[in-house]
Amino acid sequence: SNPSLAASLLTLKAAVARRDSAQLLAMTAPAVRNDVGSSDGRAAFAKMWRLNGRQSERSRIWSQLDGVLALGCARDGNRAMLPYYASAGRTDGQGSQARVVIGRGIALRDGPRGDAPLIRRLNWEVVRGIGSEPQPRGWQTVETSDGQIGFVRTAELRDLDGYRLVLSQRRGQWTITAFAAAN
């Protein structure tokens, strides 16, 4: 059969929801590319993410995949990248401080409080995290591309250098061919 990307993503989402390491590994290519500095391949992937054994449901891969899968997919022929914005590459020049606002109508506030004056609403924009001192709990100081500085809830931001999932279609099957941080 020739399962569609949508069907493969549904299978992957179900495996992640169940914390099913056997299904995840079955969807992983034998030569999967892992993080920089680690070995590639399915066995190295399973070892790196602690997917073998009784503790596999506690692996930190599940929270990483939950986050990546929630942010959409971009397809280019026989390749798909998640989150969707990973396919665009990096053109922001902001280094490791780059964040993406994950949503529409996200408040940029004048202070680190939900009742602080609203500066403006942000829609899936790339912003720069600023400030070296500890940030107010649950908030990040950011600067927009047009220079406005304000606060956004940390839960509404994602590092642009975060994990990316690549699926590739080979011989009619979609498999995970890479899962690595962008930096």
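Attention here is on the structure that accompanies the text. Because the structure is a prediction, the values reported are computed rather than measured.

Two numbers describe how helix α1 (residues 5-18) lies on helix α4 (residues 61-69): the axes approach to 10 Å, and their chain directions differ by 145 degrees. Helix-helix and strand crossings are classified by hand; for α1 and α4 the assignment is left-handed. Contacts between α1 and α4 pair Leu-9, Leu-12, Lys-13, Ala-15 and Val-16 from the former with Trp-62, Leu-65, Asp-66 and Leu-69 from the latter. When the residues that make up the contact of α1 with α4 are grouped by side-chain class, the tally is 7 nonpolar, no polar and 2 charged.

Below, the discussion takes up the pattern of salt bridges. One pass over the structure, following the stated rule, counts 7 salt bridges. Salt-bridge contacts for Asp-20 lead to Arg-18; the nearest nitrogen and oxygen are separated by 3.0 Å. For Arg-99, the salt bridge goes to Asp-159, with nearest N and O atoms at 3.1 Å. Of the two residues, Arg-99 sits in strand β4 (residues 98-101) while Asp-159 sits in strand β10 (residues 157-159), which places them 60 residues apart along the sequence. Salt bridges sharing common partners tie together Arg-120, Glu-125 and Asp-146.

Bringing the nonpolar core into the picture now. In this structure, Leu-24, Phe-45, Leu-51, Ile-61, Leu-65, Leu-165 and Phe-179 are the most contacted members of the largest nonpolar core, which totals 25 residues. Put simply, the parts of the chain that give this core at least two residues each are α1, α2 (21-26), α3 (42-48), α4, β3 (79-82), β11 (163-170) and β12 (173-181). In terms of residue count, α4 provides more of this core than any other element does, 5 residues in total. Ignoring sequence-local partners within four residues, the contact set of Leu-65 consists of Val-16, Leu-24, Leu-165 and Phe-179. Core analysis: the next-biggest nonpolar cluster, separate from the first, contains 8 residues, Val-101, Ile-106, Val-127 and Val-142 among them.

On to the pairing of β12, then. Counted residue by residue, β12 has 7 buried out of 9 residues, so it is predominantly covered. The sheet contact formed by strand β1 (residues 28-33) and β12 spans 2 bridges and is parallel. By the bridge assignment, Arg-33 is partnered in β12 with Ala-178. Hairpin connection of β11 to β12: 2 residues between the antiparallel strands, including Arg-171 at a positive phi of 50 degrees.

Backbone-to-backbone hydrogen bonds pair the strands of a sheet. The strands run either parallel or antiparallel. Strand order in the open sheet formed by 5 strands is β1-β12-β11-β3-β2, with mixed pairing between adjacent strands. Every interior strand has two partners, whereas the edge strands, β1 and β2 (74-76), have only one. Each neighbouring strand pair of the sheet contributes to a mean axis angle of 25 degrees, computed without reference to strand direction. Two elements, β2 and β3, share 3 bridges in a ladder whose sense is antiparallel.

Turning our attention to unusual backbone geometry. Cis geometry marks the peptide bond from Leu-82 to Pro-83; its omega dihedral reads -5 degrees. By the element assignment, Pro-83 lies in the loop between β3 and β4. The phi dihedral of Trp-124 falls on the positive side, at around 50 degrees, and the residue is not glycine. Secondary-structure assignment places Trp-124 in the loop between β6 (118-122) and β7 (126-129). Relative accessible area serves as the criterion here: at 34%, Trp-124 is assigned to the partly exposed category. One non-glycine residue with positive phi stands out, namely Arg-171, at about 50 degrees. Position of Arg-171 among the secondary structure elements: in the loop between β11 and β12. Of the residues examined, Arg-171 reaches a relative accessible area of 87% and is grouped as exposed.

What counts as what
Residues numbered from 1 in each chain as written. Predicted model: local features only at pLDDT ≥ 70, side-chain atom pairs only at ≥ 80, totals over all residues. Heavy atoms only, no water. Axes fitted to C-alpha atoms, helices over the stretch in contact; angles between N-to-C directions. Helix = DSSP H or I, 4+ residues; strand = E, 2+ residues; numbered from the N terminus. Left-handed = near helix turned anticlockwise from the far one by under 90°. Contact = heavy atoms within 4.5 Å. Nonpolar A, V, L, I, M, F, W, Y, C, P; charged D, E, K, R; others polar. Salt bridge = Lys/Arg side-chain N within 4 Å of Asp/Glu carboxyl O. Core = buried A, V, L, I, M, F, W, Y, C linked by side-chain atoms within 4.5 Å. Buried < 20%, exposed > 50% of the residue type's maximum accessible area, 1.4 Å probe, protein only. Pairing = 2+ DSSP bridges.

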